Amino acid sequence: MDFLIVLGALCFLMLVAYRGYSVILFAPVAAMGAVLLSDPTLVAPMFTGLFMDRMVGFLKLYFPVFLLGAVFGKLIEISGFSRSIVAATIRVVGAKRAMLAIVLVCALLTYGGVSLFVVVFAVYPFAAELFRQGNIPKRLIPGTIALGAFTFTMDALPGTPQIQNIIPTAFFGTTAWAAPVLGTLGGVFILVVGMTYLDWRRRAAQRAGEGYGDPATLLNEPATFAGERLAHPLVALLPLLLVGVSNLLFTRWIPSLYGASHAFVPAVVGDPAPVVQEVPKVAAIWAVQGALLVGIATILVFAWKPVIASFAEGTKSAIGGALLASMNTASEYGFGAVIAALPGFLVVANALGAIPDPLVNEAVTVTALAGITGSASGGMSIALAAMAETFIANAQAAGIPMDVLHRVASMASGGMDTLPHNGAVITLLAVTGLTHRQAYKDIFAITLVKTAAVFVIIGVFYATGLV
């Protein structure tokens, strides 16, 4: 019965997310419902002492990353830099290679720190124009954007500032550059296999005589891009480049500057206790925040006039998006902490713990919970909050570096997360004017490729010892 209560809470949260209800509202409802059925006397103490404590703790650490990432992405959009990058990529790759061009643009923007939600809005008009020119079915656009934005640059490539690559740093004491060789190999695997699949789908549609689609039946079609004066591509790329370089430099400088811990006494009346900050747990987060600030400052320097003209309205939507995304994830984090404290979770933990290999155990746990919650960051947060100490102990016993644990957890979070109820999937389909029936098949295929990549890098690590 304890197990069924936990399973029911997870299924309930998955169902309401699939139906489009707010996770911010229903995560505490699901969590407290499970507590009520397990031990009614613990509802109030668990809500205040565990759910809210973990939820606020998550926001304390990660909200600035969500906020700065959303503002940076919005400034890239309103400055016109995103259009310049897209146009330059098309010139280099060629209009005939529409799928590869869109994947590369999405990858570049995502790796540069732009939120994948922003990437969807910024790239879709150009993807539609390219697919229309190449007579490629519109239904393949979501799968193409998903490959570029939701996969290897989100959590595989070392140094990516996306939240899925930052969350493990607080648990394993690692940096965003953890396991660079394994991450790069995993990214190459996803790109090659994913592009092979998409090209096969394109050729199959071409043989069947299927074109872009009937304009009379297509929805949310953007206006044909007629061209405009754009920033030089190198100027447009500079903020993205500086975010990556700054992230790397700050990752190296911060520990040497602050040491293992840093303490200060607040300047207040009385005799306050010193505030002590354990630097290894937050160094990666500080590095990403600093890098995004450098990127924002660079955009302001090179595109002051267009940015300042739309700054007030543009940043309002960015801040709203950051609040919603961070609160959704924080609610799921609090939900996971409560579920992990219930007796029924021991059944789940013991079942997952029966998987003998530490890395496979971690990968299956993280990707399963990411799939259930429909969120890469949410599922990983639940898994690591509940079982990080177990993962670390098993890895240390097997001589596995923490960097490998980080990369496996990060990549596994972006595996089965893109099930039909995933927020990014729903957003992507809404923006492109397509339905799950029309386009989800290809998104799911990319999901399978991404999930397989996690086990590929585990095999590479055991075969070669590369990190």
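Residues numbered from 1 in each chain as written. Predicted model: local features only at pLDDT ≥ 70, side-chain atom pairs only at ≥ 80, totals over all residues. Heavy atoms only, no water.

S.K.: Looking at this structure, how should I read the packing of aromatic side chains?
M.R.: A ring pair, where both rings are aromatic, is described by two values, the distance of the centres and the angle of the planes. Under the defined criterion, the tally for this structure stands at nine aromatic pairs. Centroid distance Phe250 to Trp253: 6.2 Å. Interplanar angle 70°. Geometry classified as edge-to-face. Taken as a pair, Phe250 and Trp253 lie in helix H11 (residues 233-258) at a separation of three residues, close to a single helical turn. Classification of Phe250 as partly exposed rests on a relative accessible area of 23%. Taking 5.4 Å as the distance between ring centres and 65° as the angle between the ring planes, the aromatic pair formed by Tyr258 and Trp286 counts as edge-to-face. Taken as a pair, Tyr258 in helix H11 and Trp286 in helix H12 (residues 279-302) lie far apart in primary sequence, 28 residues in all. Using a relative accessible area of 27% as the deciding quantity, one classes Trp286 as partly exposed. One aromatic cluster in this structure is built from Phe58, Tyr62 and Phe66. (Phe/Tyr/Trp six-rings, centres within 6.5 Å; stacked < 30°, edge-to-face > 60°. Helix = DSSP H or I, 4+ residues; strand = E, 2+ residues; numbered from the N terminus. Buried < 20%, exposed > 50% of the residue type's maximum accessible area, 1.4 Å probe, protein only.)

S.K.: Would you mind going over the environment of His232 with me for this structure?
M.R.: One can find His232 in the loop between helix H10 (180-207) and H11. Classification of His232 by relative accessible area gives partly exposed; the value is 48%. As a C-alpha pair, His232 and Ile85 span 147 residues in sequence and 8.7 Å in three-dimensional space. A distance of 3.0 Å separates the side chain of His232 from the backbone nitrogen of Leu234, its partner in a polar contact. (Polar contact = N/O pair within 3.5 Å; in protein donor to acceptor, adjacent residues only side chain to side chain.)

S.K.: Is there a simple way to think about unusual backbone geometry in this case?
M.R.: Note: most peptide bonds trans; most residues except glycine with negative phi. Its identity is not glycine, yet Asn135 carries a phi of approximately 55°, on the positive side. Counting through the fold element by element, Asn135 comes out in the loop between helix H6 (116-134) and helix H7 (141-149). Phi at Ala179 is positive, roughly 45°, even though this residue is not glycine. Looking at the secondary structure, you find Ala179 in the loop between helix H9 (163-172) and H10.

S.K.: Which parts of the structure should I look at to understand a nonpolar patch on the surface?
M.R.: Judged by side-chain polarity, Met1, Phe3, Leu4, Leu7 and Val347 come together as a nonpolar surface patch covering roughly 490 Å² of accessible area. The leading source of residues in the nonpolar patch is helix H1 (residues 2-18), at three residues. (Patch = residues over 30% accessible without salt bridge, like charges linked within 9 Å, V, L, I, M, F, W, Y side chains within 5 Å. Areas by Shrake-Rupley, 256 points an atom, 1.4 Å probe, with all protein chains shown as cover. Salt bridge = Lys/Arg side-chain N within 4 Å of Asp/Glu carboxyl O.)

S.K.: Got a minute to help me understand the environment of Thr373 in this structure?
M.R.: With respect to the secondary-structure elements, Thr373 resides in helix H15 (residues 358-373). The exposure class assigned to Thr373 is buried, which follows from its relative accessible area of 5%. Along the sequence, Thr373 and Val23 sit 350 residues apart, while their C-alpha atoms lie 9.4 Å from each other.

S.K.: So what exactly am I meant to see when it comes to H10 here?
M.R.: One turn of an α-helix holds 3.6 residues; hence residues three or four places apart share an orientation. Across its 28 residues, H10 extends 40 Å between first and last C-alpha, which sits within 8% of the 40 Å expected from 1.5 Å per residue. Contacts from the buried residues of H10 go to helix H5 (98-111), H7, helix H8 (152-156), helix H17 (402-413) and helix H19 (436-464). Among the residues trailing H10, Gly209 stands out with phi positive, at a value near 75°. (Expected span 1.5 Å × (residues − 1). Contact = heavy atoms within 4.5 Å.)

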